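Overview (structure and organization)
Below are the chains, spelled out letter by letter.
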Amino acid sequence: MTKGTQLYEGKAKKVYATEDPEVCIVSYKDDATAFNGLKKGTIHGKGAINNKLTNYLMKRLEAEAGIPTHYINELSETDTEVKKVKIIPLEVIVRNVIAGSLSKRLGAPEGTALKCPVLEFCYKNDELGDPMVNDYHILAMGWATAEELETVKDYALRINSYLLKFFKGIGIDLIDFKLEFGKTSDGTMVLADEISPDTCRFWDSETHEKLDKDRFRRDLGDVEGAYKEMLKRVFGEGR
Ligand code: UDP
């Protein structure tokens, strides 16, 4: 499979067409943005790390949690073949511990455990700043049917259970993360986008050190080191 015309360029990835209309190639970049594009930078080696982590986690989610994903085949350090999907225009956020925008919204300190996972939806729209929406908005705007929405919720919570346990096993607390889903041409709902330190909050279970994009967002230093540490935790020793 070879890269054809570029279909899309996002903040952290480019997407290309291929000779197969059902297959795209995603190419991960080292570019980083935060605060809706206001802050820009480069995280050296990020593209390769996010590609490898995402593919590994998607394979395990398919095999061990029964979650359909867009993953097909890793082509190189930064490039991967994925199923062509129509993205549901929602950011699906799952939270286990209060952090980031939820801390501000609820006036509760970061690090406060939640009694049960919290699911949130944001409408994917940069001009509007990805506003939070609920089930009613989603159904009323036709972004998903009731059945599709139930599937998305079920998958998101199952992904959370699987990943919580997986990361706990390598000494990482999964604080919160963002997922995106899409539909293939036959209407199957699949997990798309990425699962990486760009889209998840990872805190070391012992030291509570942040090992994710918050190091870039908040100028905490050693951003590259944090991404490399996540790669080492996931692929180190016997994995
Ligand atoms: N997130 C993301 N993309 C976004 C917004 C959020 O990947 O456009 C992730 C973020 O990395 C975190 C989780 O979703 O793991 C919850 O983010 P939050 O709503 O707290 O927003 P933030 O504090 O990042 O603005």
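The preceding data block contains the structure.
The sections below set out a description of the structure shown in this document. Computed from a prediction, not measured in an experiment: that's the story for all the values here.

On to the packing of helix α1 (residues 46-65) against helix α6 (residues 223-235), then. Here α1 crosses α6 at 30°, and the two axes come no closer than 10 Å. By the angle class used here, α1 and α6 are roughly parallel. Between α1 and α6 lies a crossing whose hand is left-handed. Here α1 contributes Lys 46, Ile 49, Asn 50, Lys 52, Leu 53 and Tyr 56 to the contact with α6, which in turn contributes Tyr 227, Lys 228, Met 230, Leu 231, Val 234 and Phe 235. Taken together, the residues of the contact of α1 with α6 break down into 8 nonpolar, 1 polar and 3 charged.

This paragraph deals with the packing of α1 against helix α4 (residues 146-168). Put simply, α1 and α4 touch, their axes get as near as 11 Å, and they point 115° apart. The orientation of α1 relative to α4 falls into the category roughly perpendicular. Here the hand of the crossing between α1 and α4 comes out right-handed. Listed contacts from α4 to Tyr 56, Leu 57, Arg 60, Leu 61, Glu 64 and Ala 65 of α1 are Arg 158, Ile 159, Tyr 162, Leu 163, Phe 166 and Phe 167. A class-by-class count of the residues in the contact of α1 with α4 yields 9 nonpolar, no polar and 3 charged.

Now for the site of the ligand. Taken together, 15 residues are adjacent to the ligand, and Arg 95, Ser 101, Asp 176, Arg 201 and Arg 217 come closest. At a separation of 2.6 Å, an oxygen atom of the ligand approaches a polar side-chain atom of Ser 101. Protein contact buries 76% of the 500 Å² of open area that the ligand shows by itself. Mapped onto the shell around the ligand, the elements with two or more residues apiece are β9 (90-97), α2 (100-106), β12 (172-183) and β14 (200-204).

Let's shift gears to the layout of surface pockets. Left-over empty space is what a probe sized like a water molecule reveals as it rolls over the atoms. In this structure, the second largest pocket occupies an estimated 150 Å³ of space. Sorting the residues of the lining of the second largest pocket by element identifies β9, α4 and β12 as the ones contributing at least two each. At 3 residues, β12 tops the list of elements feeding residues into the lining of the second largest pocket.

Below, the discussion takes up the pairing of β9. Of all 8 residues that make up β9, 8 are buried, and the element is covered over most of its length. As defined by bridge partners, β9 adjoins strand β10 (residues 113-123) across 7 bridges and the pair is classed as antiparallel. Counterpart to Glu 91 in the pairing with β10 is Cys 122. Two elements, β9 and β12, share 4 bridges in a ladder whose sense is antiparallel. Across the sheet, the residue bridging to Arg 95 is Asp 176, located in β12.

Per the counting criterion, the structure on display carries 6 aromatic pairs. Each ring, one from Tyr 56 and one from Phe 166, has its centre 6.2 Å from the other, and the planes form 50°; the classification is tilted. Of the two residues, Tyr 56 sits in helix α1 while Phe 166 sits in helix α4, which places them 110 residues apart along the sequence. Overall, the relative accessible area of 8% leaves Phe 166 in the buried class. Their ring planes at 75° and their centres at 5.1 Å tell us that Phe 166 and Phe 167 sit as a pair that is edge-to-face. Side by side, Phe 166 and Phe 167 carry an identical accessibility label, which is buried.

Now for the side chain of Thr 199. By the element assignment, Thr 199 lies in the loop between β13 (189-192) and β14. Excluding anything up to four places from it in sequence, Thr 199 contacts Asp 176, Phe 177, Lys 178, Asp 193 and Glu 194.

As a further point, take the environment of Pro 117. Along the polypeptide, Pro 117 turns up in strand β10. Relative accessible area serves as the criterion here: at 41%, Pro 117 is assigned to the partly exposed category. Distance in space between the C-alpha atoms of Pro 117 and Lys 84 is 30 Å, their sequence separation being 33 residues. Look past the residues within four positions of Pro 117 in its chain and what remains in contact with it is Arg 95, Asn 96, Leu 157 and Asn 160.

The rules behind the values
- Residues numbered from 1 in each chain as written.
- Predicted model: local features only at pLDDT ≥ 70, side-chain atom pairs only at ≥ 80, totals over all residues.
- Heavy atoms only, no water.
- Axes fitted to C-alpha atoms, helices over the stretch in contact; angles between N-to-C directions.
- Helix = DSSP H or I, 4+ residues; strand = E, 2+ residues; numbered from the N terminus.
- Parallel < 35°, antiparallel > 145°, perpendicular 65-115°, else oblique.
- Left-handed = near helix turned anticlockwise from the far one by under 90°.
- Contact = heavy atoms within 4.5 Å.
- Nonpolar A, V, L, I, M, F, W, Y, C, P; charged D, E, K, R; others polar.
- Near = heavy atom within 4 Å.
- Polar contact = N/O pair within 3.5 Å; in protein donor to acceptor, adjacent residues only side chain to side chain.
- Areas by Shrake-Rupley, 256 points an atom, 1.4 Å probe, with all protein chains shown as cover.
- 1 Å grid on protein atoms, 1.4 Å probe; cavity = no way out; pocket = protein on both sides within 12 Å on 5 of 7 lines; lining within 4 Å.
- Points joined across faces, edges and corners; volume = space filled by probe spheres on them.
- Buried < 20%, exposed > 50% of the residue type's maximum accessible area, 1.4 Å probe, protein only.
- Pairing = 2+ DSSP bridges.
- Phe/Tyr/Trp six-rings, centres within 6.5 Å; stacked < 30°, edge-to-face > 60°.

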